[in-house]
Amino acid sequence: MCVIFFVFLSALFLLIKIIDLYHQSLPSYEAALKIGGPPPLTFCQAIKLALTLNRENIFSSIREDAKIHKKSYVFWCLGQAYVRIIKAEDMEKILASAKHTKKGFLYRYLQPFLREGLLLSYGKKWIHRRKILTPAFHFNILQQFLKIFQHESRKLVHLLNTKESLEEINIPKLFSTHTLNVICETAMGVTLDSQEDSQSYRENIHRAGTVFVLRFIKPWLGSDFIFKMFGYEKMLNEFLMPIHSFTRKIIHERRAKFMNDHQSIEGKKERHAMLDTLLWAQEQGFIDLEGIREEVDTFTFEGHDTTASAITMILLSLAENQHVQEQVYGEISKITTDKEEKSLEIFDYTNMTYTDRVIKECLRLYPPVPYITRELTEDQEINGHVLPAGALIEVHIFDLHRDPQYFPNPEHFDPDRFLPENVENRHPFAYLPFSAGPRNCIGQKFALLEIKTVIESILINFHLSPITKREDLVFVADLVLRTVDPIKIKFSRR
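Fair warning: this is a prediction, and the values are worked out from it, not measured in the lab.

Conventions used here
- Residues numbered from 1 in each chain as written.
- Predicted model: local features only at pLDDT ≥ 70, side-chain atom pairs only at ≥ 80, totals over all residues.
- Heavy atoms only, no water.
- Core = buried A, V, L, I, M, F, W, Y, C linked by side-chain atoms within 4.5 Å.
- Buried < 20%, exposed > 50% of the residue type's maximum accessible area, 1.4 Å probe, protein only.
- Helix = DSSP H or I, 4+ residues; strand = E, 2+ residues; numbered from the N terminus.
- Contact = heavy atoms within 4.5 Å.
- Pairing = 2+ DSSP bridges.
- 1 Å grid on protein atoms, 1.4 Å probe; cavity = no way out; pocket = protein on both sides within 12 Å on 5 of 7 lines; lining within 4 Å.
- Points joined across faces, edges and corners; volume = space filled by probe spheres on them.
- Nonpolar A, V, L, I, M, F, W, Y, C, P; charged D, E, K, R; others polar.
- pLDDT = per-residue confidence, 0-100.
- Patch = residues over 30% accessible without salt bridge, like charges linked within 9 Å, V, L, I, M, F, W, Y side chains within 5 Å.
- Areas by Shrake-Rupley, 256 points an atom, 1.4 Å probe, with all protein chains shown as cover.
- Salt bridge = Lys/Arg side-chain N within 4 Å of Asp/Glu carboxyl O.

### Side note on the nonpolar core
- Judged by nonpolar contacts, the single largest core of 132 residues is most densely connected at Phe175, Leu318 and Phe491.
- The element best represented in this core is helix α14 (residues 289-320), accounting for 13 residues.
- Discounting chain neighbours no more than four positions away, the residues touching Phe491 are Leu160, Leu166, Ile169, Ile171, Ile458, Phe462, His463 and Leu464.

Next comes the structure, spelled out in structure tokens:
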């Protein structure tokens, strides 16, 4: 028995050594050593690290590494070099290039939900889909969306006014519901409140997101076999089936209305909201039904939690910085004087210049998507050394926004960082709340207008006081910026 056990341990040790030697023979290993970063982990060290990972320590350890290295660096784990980009100059090399538009392998975990929608596709398919969808975010369409933003914001204020107590409001949950309502009404043309299965749709999106995050932070679940063996694939499918069914039902209903309203669209240069744009593209043979479903699910998933995260952190910042809140309130009050809220036009929100700077500073400190990835499709120089095609790039926007070279005293909240004279000489890739380059966020103008509409409605009706303090925030690794505990604010009626 002892001999068998000894043979087993010897074989395991030999296997581990072979794995380590193989990893050390890869071109990316040599590049990792040259670029700099923590010492490469052996296979045993990587396994030990993986077993201790959780959502909190993943987020905090990456932040600590960025402070230590102060430049883009390489983290080597389980046979893969992860090039962590935290400097604006390196960001430009990756994000501005049309060559490096392929998302990293971690995004494949989202494929059961989003298939090959705009977030996950690349190459010719991505170019084709982006071309179809760009007109759906034209200025004229945003004017149509503004009415929906205002209507949903009024509903939100009404909901808050009906609460018996405003002493402690859980704002992430409140605004996740709000932004999902907005994205469904704008992207799909459907009011969730009118759908019998809308609550199930909301819950299943949240549950599916939980499974995706679990797979991101537990490396062994990256194996499709293990993911299936432990029942996660079945669980995920149980959440996704009703989501996809709901989307297909909405598309079917909208298509019937679209065909009725657009009997003769040939040759017309009309601009349509997103789902109608996709239905028009289907009529022209540019996309099929499943392609439409991919894009609707992509925008629903991407467009609500990111915006909810942004609104949450903006309101927290306003509650914590009372003098800033009063300046924003004063600017909004001046613009809305003698005008009913529902009559505000896009140019009114554009004239909220101080509010705009506050939003930008909040998005600097708390980028809704703190991290994105790319896979190099060609060799690329970083820090004076060439990375081979196939290397994985981690773009850490959270750390980029805290680079003291471009943002002195980076943890200090200061909207004046975004005065024109301060922005003018800043590196164009030092501030990327909506990414940049060919794959920048197609919906950034949409999101910013939605955010301003919410802030205007909230501050006209309520004064905000902090319950959760900034020093209490513990961020976790997730698809969007989230905290361990719910963020709570006190709302006082004005």
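Past the structure itself, the notes keep going.
### Overview of unusual backbone geometry
- Despite not being glycine, Arg115 shows a phi value in the positive range, around 50°.
- Here Arg115 shows up in the loop between α6 (111-114) and α7 (123-133).
- One non-glycine residue, Asn409, adopts positive backbone phi at about 50°.
- Here Asn409 shows up in the loop between α18 (397-400) and α19 (420-423).
- We classify Asn409 as exposed; its relative accessible area is 54%.

### Observations concerning the sheet that holds strand β8 (residues 462-466)
- Sheet architecture is open: three strands sit in the order β3-β11-β8, paired in antiparallel fashion. Each of the sheet's edge strands pairs with one partner strand only, and the pair in question is β3 (169-170) and β8.

### Section: the layout of surface pockets
- For the second largest pocket, the calculated volume is near 630 Å³.
- Around the second largest pocket, the lining is made up of 22 residues, and of these Arg63, Lys67, Asp399, Arg402 and Glu411 lie nearest the centre.
- Broken down by secondary-structure element, the contributors of at least two residues to the lining of the second largest pocket are α4 (55-69) and α18.
- By residue number, the principal contributor to the lining of the second largest pocket is α4, which donates seven residues.
- The residue makeup of the lining of the second largest pocket, split by class, is 10 nonpolar, one polar and 11 charged.

### Section: the confidence of the model for the protein
- When pLDDT is averaged along the protein, the result is 85; 89% of the residues meet or exceed 70.
- Mean pLDDT across the elements of the protein bottoms out in helix α1 (residues 2-25) (62) and peaks in helix α17 (residues 353-365) (98).

### Considerations on a nonpolar patch on the surface
- A cluster of nonpolar residues, Ile47, Leu51 and Trp220, forms a patch on the protein surface that exposes about 290 Å² of accessible area.
- Take Trp220: it is sitting in the loop between α10 (198-217) and α11 (224-229).
- Look at Trp220 and you get partly exposed, because its relative accessible area is 34%.

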